[in-house]
Amino acid sequence: MARKYQNATPSGHTILVIDDSPDIVQSCRSLLEAEGHRVLTATDGPSGIALAEREHPHLILVDFFMPGMTGEEVVRAIRSRDRLVQIILQTGYSGEKPARMMLRQLDIQGYHDKGAGAEQLLLWVDSALKAYRSALSTEKHRLGLQYILDITPDLHRLQPVDELLQGLLWQVEGLVGAENCFLATYSSPELARVAATAAKTESLEGFVALADRDEQRTQMEIRVGTGRFRPGISTESLPEPERRLVREAMETGRISFSGGVSVLPLRLGSQMLGAIFIDRRPDYERDRELLEIFATQAASALQSALLYGENTMLYDLATKDPTSGVFLRGYAMQQFQQQLKRSYRNSLPLSVLMMDLDKFKPINDTYGHLAGDRALHVVGQLLSRSVRETDCVARYGGDEFIAILPDTPAEGAEIVARRVMAAVNGALVRTERGTFTVHMSVGAATLLPMNDGPRYNLLQPDVLDRVSGELIARADAALYVRKGTGELAEVAQITWDEAVLDCAA
């Protein structure tokens, strides 16, 4: 019993005790808190189930026999909602049911006789928490692999290099939950040369170019960064520990996990294209494997973008509306889905503007369709100048436009909407058949951050389709509240639950 009285450090684990006996609840709490665990308690089945759903404990100790709702019923209800949580059924009557049968039938990890004493219970708890860590690692690895498979097509689509680099950083943040990251590369001409060399030599097994090793000592600069890292800074100006880790990873070509951080070299064959710095070190070996897989995909996508994505004409044909000069609807919807995933995983707000030109048909009727096209072009340019580089403006259809605003709360969406209206309303359009002004109505909607923990499987396309559809519908409804008045309606705000459930209904 010496363990009970040792000075415990926090274990990082949360344990829920469900028992109708106050004495048992208190003794379990004292015993488990002395081990460093965070302990939650409930004295009946329904309140225990509610607490489990809200707090997501790692382990649950539940009494076999309780009035109103038995331990078996509690276990079945919890297990139907959570396959990962570990459960130990406790009993004061050892002859109730054979332990092996209970373990198999209820999918629990322990069957403890209360008369066996505290030390036996702690052995069950240690074993169950070890199983939880193993199961968590397996589940994270499975989800991580699925995440990489899900984003791979987007990494390899036709896109400018800077857009790809920003996307890569967002994706690795979503994969490991980091906050301070950067992606550094050589200067653009040097990077393109290295990528071209890699394309010619990566199929030659064992090829090593010593000259390339020397040439690759060229300084790198941060191209995109989050948190405390800013673009345009040379990696040689970083603090010594960070500078050393980046340099070592580039020289060895291997991922570095040291000093609480991770550095992923973007490598193709013997060629180094750059590196991703992450402010956390994976806890599990499988997490490291995920980062290695991601680094390989990222390097391949970067090479493709350098070799093919810089063809501006080809990129514009694939993504830009030739009349207005803003993005096509299909491209915007792809971006919308990616931003929804990022918003969900990082608990960030996401806003949408729906914009519609007022009295566009009379413009075509009076001045001709070429004048209408000219008006769309003018409006497209004004919209592009009214948003940030990270925002996405697209022609939604006819005289309708959409703007996707990442990391933007309702107050920010209102600011952008008013800026758009100020820029467009009253703007002059000059044509051979005369000069006229254009006016635009705008509606805005904001998706609030998801703060209650993971509840939806984003790999199911219908979830993202429901949320994006409902968000657009709310913004469109706000637009028509003030259509043609030159005023802005209140920004509609919606939660993930409302978006998914309302659309399903």
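The following refers to the structure shown. (Residues numbered from 1 in each chain as written. Predicted model: local features only at pLDDT ≥ 70, side-chain atom pairs only at ≥ 80, totals over all residues. Heavy atoms only, no water.)

1. A word on the overall build of the protein
- Helices and strands together make up the secondary structure of the protein, namely 17 helices and 17 strands.
- Out of the 505 residues in the protein, the part that is buried amounts to 49%. (Helix = DSSP H or I, 4+ residues; strand = E, 2+ residues; numbered from the N terminus. Buried < 20%, exposed > 50% of the residue type's maximum accessible area, 1.4 Å probe, protein only.)

2. Re the packing of aromatic side chains
- Taken as a whole and judged by the stated rule, the model has six aromatic pairs.
- Through a chain of ring-to-ring contacts, three or more aromatic side chains come together here, namely Phe182, Phe229 and Phe277.
- Note that Lys320 overlies the ring of Phe327, its terminal NZ or CZ placed 5.2 Å from the centroid.
- Of note, Arg329 hangs over the ring of Tyr396, and the distance from its end group to the ring centre comes to 3.9 Å. (Phe/Tyr/Trp six-rings, centres within 6.5 Å; stacked < 30°, edge-to-face > 60°. Lys NZ or Arg CZ within 6 Å of the ring centre and 35° of its normal.)

3. Quick notes on the pattern of salt bridges
- Taken as a whole, this structure holds 18 salt bridges when the rule is applied.
- The shortest N-O distance in the salt bridge between Lys483 and Asp356 comes to 2.6 Å. With Lys483 in the loop between helix 16 (461–481) and strand 17 (492–494) and Asp356 in strand 11 (residues 350–357), this residue pair connects regions lying 127 residues apart in the sequence.
- With relative accessibility at 29%, the residue Lys483 sits in the partly exposed group.
- The salt bridge involving Lys483 is made with Asp358; its shortest N-O contact spans 2.8 Å. With Lys483 in the loop between helix 16 and strand 17 and Asp358 in the loop between strand 11 and helix 13 (360–367), this pair connects stretches of sequence that are 125 residues apart. (Salt bridge = Lys/Arg side-chain N within 4 Å of Asp/Glu carboxyl O.)

4. With respect to the packing of helix 2 (residues 45–55) against helix 3 (residues 71–81)
- One can describe the packing of helix 2 onto helix 3 by two numbers: an axis separation of 10 Å at closest approach and a directional angle of 20°. Taken together, the axes of helix 2 and helix 3 lie roughly parallel to each other. With respect to the hand of their crossing, helix 2 and helix 3 are arranged in right-handed fashion. Every residue of helix 3 that contacts helix 2 at Gly45, Ile49, Ala52 and Glu53 is listed here: Val74, Ala77, Ile78 and Arg81.
- Of the residues belonging to the contact of helix 2 with helix 3, the class tally is five nonpolar, one polar and two charged. (Axes fitted to C-alpha atoms, helices over the stretch in contact; angles between N-to-C directions. Parallel < 35°, antiparallel > 145°, perpendicular 65-115°, else oblique. Left-handed = near helix turned anticlockwise from the far one by under 90°. Contact = heavy atoms within 4.5 Å. Nonpolar A, V, L, I, M, F, W, Y, C, P; charged D, E, K, R; others polar.)

5. Here we look at the sheet that holds strand 7 (residues 221–225)
- Pairing in this open sheet of five strands is antiparallel, and the strands run 7-6-10-9-8 from one edge to the other. Bordering the open sheet on either side are strand 7 and strand 8 (256–258), each of which pairs with just one other strand. The average undirected angle you get between the axes of adjacent strands in this sheet is 20°.
- Here four bridges tie strand 6 (residues 181–185) to strand 7, and the two strands are oriented antiparallel to one another. (Pairing = 2+ DSSP bridges.)

6. Overview of the side chain of Asp321
- Counting through the fold element by element, Asp321 comes out in the loop between helix 11 (312–319) and helix 12 (329–346).
- Judged by its relative accessible area of 9%, Asp321 is buried.
- Separated by 2.6 Å, the side chains of Asp321 and Ser324 make a polar contact.
- Not counting the four nearest positions on each side in its chain, Asp321 is found in contact with Val326, Phe327, Leu328 and Arg395. (Polar contact = N/O pair within 3.5 Å; in protein donor to acceptor, adjacent residues only side chain to side chain.)

7. Observations concerning helix 2
- All of the buried residues along helix 2 are Gly45, Gly48, Ile49, Leu51 and Ala52. Taken end-on, helix 2 shows its buried residues confined to a sector of 165°, consistent with a single buried face.
- On its buried face, helix 2 is in contact with strand 1 (14–18), strand 2 (38–42), strand 3 (59–63) and helix 3.
- Capping the start of helix 2 is the job of one residue whose side-chain oxygen sits 2.9 Å from the backbone nitrogen of Ser47: Asp44.
- His56, located one to two residues past helix 2, shows a positive phi value of around 50°. (Arc of directions from axis to C-beta.)

8. Structural notes on the side chain of Thr408
- Locating Thr408 in the fold gives a position in the loop between strand 13 (400–406) and helix 15 (410–424).
- Residue Thr408 is classed as buried on the basis of its relative accessible area, which comes to 4%.

9. Observations concerning the environment of Arg430
- By the secondary structure assignment, Arg430 is in strand 14 (residues 427–431).
- Under the relative-accessibility criterion, Arg430 is labelled exposed at 59%.
- The spatial distance from the C-alpha of Arg430 to the C-alpha of Ala375 is 8.6 Å, given a sequence separation of 55 residues.
- Those residues in contact with Arg430 that lie beyond four places of it in its chain are Arg374 and Thr435.

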